[in-house]
Amino acid sequence: MNALDRAKVWLGEAYDEETRNEVQNLIDNDPKLLEESFYKDLEFGTGGMRGIMGTGTNRLNKYTLGAATQGLANYLKEFHGDKELKMVIAHDVRHNSRKFMQIVADVLTANGIKVFIFDNFRPTPELSFAVRHLGCDAGIVLTASHNPPEYNGYKVYWNDGAQIVPPHDKAIIERVGAVKVEDIKFNGNPELLETLDNHVDDVFLKNCVKYGARKQKDGYKSLKIVFTPIHGTSIVSIPEALDRAGFEHVYLVEEQIKPSGDFPTVKSPNPEEPEALSMALDLAKTVEADIVIGTDPDGDRLGIAVRDLDGNLVLLNGNQTNVILTDFLLNELETKNEFQGNEFIGSTIVTSDIFLDLAKHYDIECKLGLTGFKWIGKMIREAEGKQKFVCGGEESFGFMVDDFLRDKDSVTSTLLACHIAAKAKSEGSSIYKKLIEAFIKTKCYQEDLISIVKPGISGAEEIKQMMKDWRSNPPKSFDGSPVVVLNDYKTQESKNLKTGEITPIDITASNVLIFYTEDGSKIAARPSGTEPKIKFYFSVHTELDHVDDYPATLEKLKAKIERLKAELS
Ligand SMILES: O=P([O-])(O)O[C@H]1O[C@H](COP(=O)(O)O)[C@@H](O)[C@H](O)[C@H]1O
Ligand SMILES: [Mg+2]
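Nothing here was measured: the structure is a model prediction, and the numbers come from that model. (Residues numbered from 1 in each chain as written. Chains lettered and ligands numbered in written order. Predicted model: local features only at pLDDT ≥ 70, side-chain atom pairs only at ≥ 80, totals over all residues.)

## What to know about the overall build of the protein chain
Counted only if it meets this: Only DSSP runs of H or I with at least four residues qualify as helices, and only runs of E with at least two residues qualify as strands; both kinds are numbered from the N terminus onward. When we talk radius of gyration, it's over C-alpha atoms, and the globule rule is simply 2.2 Å times the number of residues to the 0.38. For every residue pair, C-beta atoms are placed from the backbone, and the pair is scored as a contact if these atoms sit within 7 Å.
Along its length, the protein chain carries 17 helices and 24 strands. Expected size for 569 residues packed as a compact globule is a radius of gyration near 25 Å; at 24 Å, the protein chain falls within 12% of this value. In terms of overall dimensions, the protein chain has a C-alpha envelope of 70 × 55 × 45 Å along the principal axes. Pairs at least 24 residues apart make up 70% of the contacts formed inside the protein chain by residues separated by at least 6 positions.

In structure tokens, the structure reads:
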């Protein structure tokens, strides 16, 4: 069916009058928007289902959410048989998030599922925690994370608190595809709906403090912290968590603490974008802060700025933040002689390879998954009872500590970063020096990322074509160094270009290409699974012996990355 035929279905009696009028209006007046809104169904990507709010099969609205939820309910019933099912739903600060949450809750209770909701927005990691804490069979967050204001979305969690992966995701998508609008039960059963009191908030925060802060509060009283939730959900958790942990000097970016789906003070509410933290950096200069932290709207990512060797505030990228946190946790286990010998950390294929080196340094395992925290969740589940998960992270500003929840968690990560900063400061060192010390233990890595935005149908086609071109005519060298290994995660093959040897890659197939050059550079290309973007990741490294050598080494690595980037454009 073409877009027009698909749209005509939405003129049927089963759709409400407002929707029918909008569809008619699209048919009569806006063929381009009609095409974009109806040419396909919304898909589940890296972080659940995400889309622009509006009318259509490729938009987020009552009917696409209704179908997704009916499909999920059908699958849960099929999977669990007669069991009484329980779910918990959270939402972020976006426009319509609470309204959508209510629609989703109604569909679930109408299907006989007991549903817990919160009285207001909460950060995504709290939902992951709540699924486990309340013994739910599944969970949902209505959020589009850091996407622009016109987006919303739907993250789905399984009973372990991790986002769904195969086989459940495929099975749910199949069930969703089979749902007809008449099948969606929109009339909720209020008897099955329960609004949670603040007990879950309290236990969640207790756990964050337990895993993020330490009893020994070296320097907690003197550390100056600037925090911004960038108009998002973490305002209800992070200031309280910092307070409970014993930090006394926390400065909030007043202009950004008001929750708002417009994210009015930033171009993009994504801590990956330097601009998102610029107000926080200004405040940090005024109050002479040691550390600056900002989170994305659903409170799972965090961006950090710290003082460099000259005392200037610098933004850390996601890899650097994770190196500091990971090295601290592993070093702590080593110092306290607490390694059992079965520990592992989790990372992803587009994240820095330094995590493999760090794991080697501490003689533990580093497991790699595809992009997306759900894959880290999966490795924890599969290792349960056999191995101990210490922490996991990915380059896109996500980190989690221990396994008390199963998604990236900016709350615990904030506490841990502040603990490390406070402790280092009290010892006359700095959190920045801790990063450099980790580089000295392993190698000095530097990473960067280019995201090229290509919206709409034509953008998606262009991205497809770019990946095709890279496959049919792969670059032979980067910055004068020949490509020696080419990993194609779509065909699940790693090819050694020198020997021609091909080894299978034991990771779920995905449209990702990674090139390794003879001089150790790593270049990865993949379409984003959450936004209309193609992403190119660059990683370079070299040896580092002394802290004082870092600035010069960093300059060299940055220059190399610039040359690699230039070759792409
Ligand atoms: O958006 P969030 O904060 O939920 O984060 C989501 O998207 C990120 C980027 O994915 P992609 O490169 O496919 O856009 C993933 O790394 C992350 O695990 C996922 O939860
Ligand atoms: Mg997020």
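## A closer look at the site of ligand 1
Put simply, the test is: Residues are classed as near a molecule or strand if the C-beta position derived from their backbone is within 6 Å of it. Nonpolar residues are Ala, Val, Leu, Ile, Met, Phe, Trp, Tyr, Cys and Pro. Charged residues are Asp, Glu, Lys and Arg, and all others, Gly as well, are polar.
Near ligand 1 lie 18 residues; those nearest to it are Thr46, Gly47, Ser145, Gly529 and Thr530. Looking at the shell around ligand 1 residue by residue, the classes come out as one nonpolar, 11 polar and six charged.

## Comments concerning the sheet that holds strand E11 (residues 302-307)
Spelled out, the test is: In this scheme, strands are said to pair when DSSP sees at least two bridges between them. Inter-axis angles, ranging from 0 to 180 degrees, are taken between N-to-C directions of lines fitted to C-alpha atoms, where helices are fitted over the stretch in contact.
Strand order in the open sheet formed by five strands is E9-E8-E10-E11-E12, and the pairing between neighbours is mixed. Single-partner strands in this sheet number two, and they are strand E9 (249-252) and strand E12 (313-315). Pairwise comparison of adjacent strand axes, ignoring direction, gives a mean angle of 20° for this sheet. Against the sheet, helix H14 (residues 410-426) contacts strand E8 (224-228), strand E10 (291-295) and E11, and its axis sits at roughly 175° relative to E10.

## Brief notes about the packing of helix H4 (residues 62-80) against helix H5 (residues 97-110)
Worth spelling out the cut-off: Less than a right angle of anticlockwise turn of the near helix away from the far helix marks a crossing as left-handed, whereas a clockwise turn marks it as right-handed.
Interaxial distance between H4 and H5 falls to 9 Å at its minimum, and their mutual angle equals 35°. Our pair here, H4 against H5, has a crossing hand that is right-handed. Residues Lys62, Leu65, Gly66, Thr69, Gln70 and Ala73 of H4 lie in contact with H5, whose contacting residues are Phe100, Ile103, Val104, Val107 and Leu108. Within the contact of H4 with H5, the residues separate by chemical class into seven nonpolar, three polar and one charged.

## Things to note about unusual backbone geometry
Note the following rule: Residues with at least 20 neighbouring C-beta atoms inside 10 Å of their own are called buried, those with 12 or fewer are called exposed, and the rest are partly exposed, where every C-beta is derived from the backbone.
Cis rather than trans, the peptide bond between Pro166 and Pro167 has omega equal to 0°. Residue placement: Pro167 occurs in the loop between strand E6 (151-158) and helix H7 (168-178). Here Ile230, not a glycine, exhibits a phi torsion of approximately 45°, which is positive. Mapping Ile230 onto the fold places it in the loop between E8 and helix H9 (238-245). By the C-beta count within 10 Å, which is 30 here, Ile230 ends up buried. Non-glycine residue Phe397 carries a positive phi angle of around 65°. Within the secondary structure, Phe397 is located in the loop between strand E15 (388-394) and strand E16 (398-401).

## Let's talk about the nonpolar core
Test applied: Definition of nonpolar core: a set of buried Ala, Val, Leu, Ile, Met, Phe, Trp, Tyr and Cys residues joined via C-beta atoms within 7 Å.
One finds Val104 and Ile291 to be the most contacted residues of the largest nonpolar core, which totals 153 residues. Residues in contact with Ile291, not counting those within four places in the same chain, are Leu223, Ile225, Ile304, Val306, Ala417, Cys418, Ala421 and Ile431. Counting residues in hydrophobic clusters, the runner-up holds seven residues, among them Ala3, Ala7, Trp10 and Leu34.

## Remarks on the packing of H14 against helix H15 (residues 431-441)
Operational definition: Any angle between 65 and 115 degrees counts as roughly perpendicular, while under 35 counts as roughly parallel, over 145 as roughly antiparallel, and the rest as oblique.
The N-to-C vectors of H14 and H15 enclose an angle of 95°; their axes lie 8 Å apart at closest approach. Classed by the angle they form, the pair H14 and H15 counts as roughly perpendicular. Contacts from Ile420, Ala421 and Ala424 of H14 reach H15 at Ile431, Lys433 and Lys434. Residues belonging to the contact of H14 with H15 are distributed by class as follows: four nonpolar, no polar and two charged.

## Re the UniProt feature "domain: Alpha-D-phosphohexomutase alpha/beta/alpha" (unreviewed entry) in the protein chain
Cut-off, in case you're wondering: UniProt positions are given in the numbering used here, feature names are shortened, and annotations may be inferred rather than shown by experiment.
UniProt records the feature "domain: Alpha-D-phosphohexomutase alpha/beta/alpha" (unreviewed entry) at residues 43-177, 220-305 and 317-438, using the numbering of this structure. For residues 43-177, the helix share is 39%, the strand share is 22%, and the end-to-end C-alpha distance is 10 Å. Annotated as 51% helix and 18% strand, the span residues 317-438 places its first and last C-alpha atoms 15 Å apart.

## Describing the environment of Val93
Here Val93 is to be found in the loop between strand E3 (86-91) and H5. C-alpha of Val93 to C-alpha of Gly261: the two residues are 168 residues apart in sequence and 5.6 Å apart in space. Excluding anything up to four places from it in sequence, Val93 contacts Phe121, His231, Gly232, Thr233, Pro259, Ser260, Gly261 and Pro297.

## Comments concerning the sheet that holds E16
The strand order across the open sheet built from four strands is E14-E13-E15-E16, with neighbouring strands paired in mixed fashion. Edge strands, defined here as strands with exactly one partner in the open sheet, are strand E14 (365-369) and E16. Averaged over neighbouring strand pairs, the angle between their axes works out to 20° when direction is ignored. Two elements, E15 and E16, share four bridges in a ladder whose sense is antiparallel. Among the inter-strand pairings, Gly392 is bridged to a residue of E16, identified as Met400.

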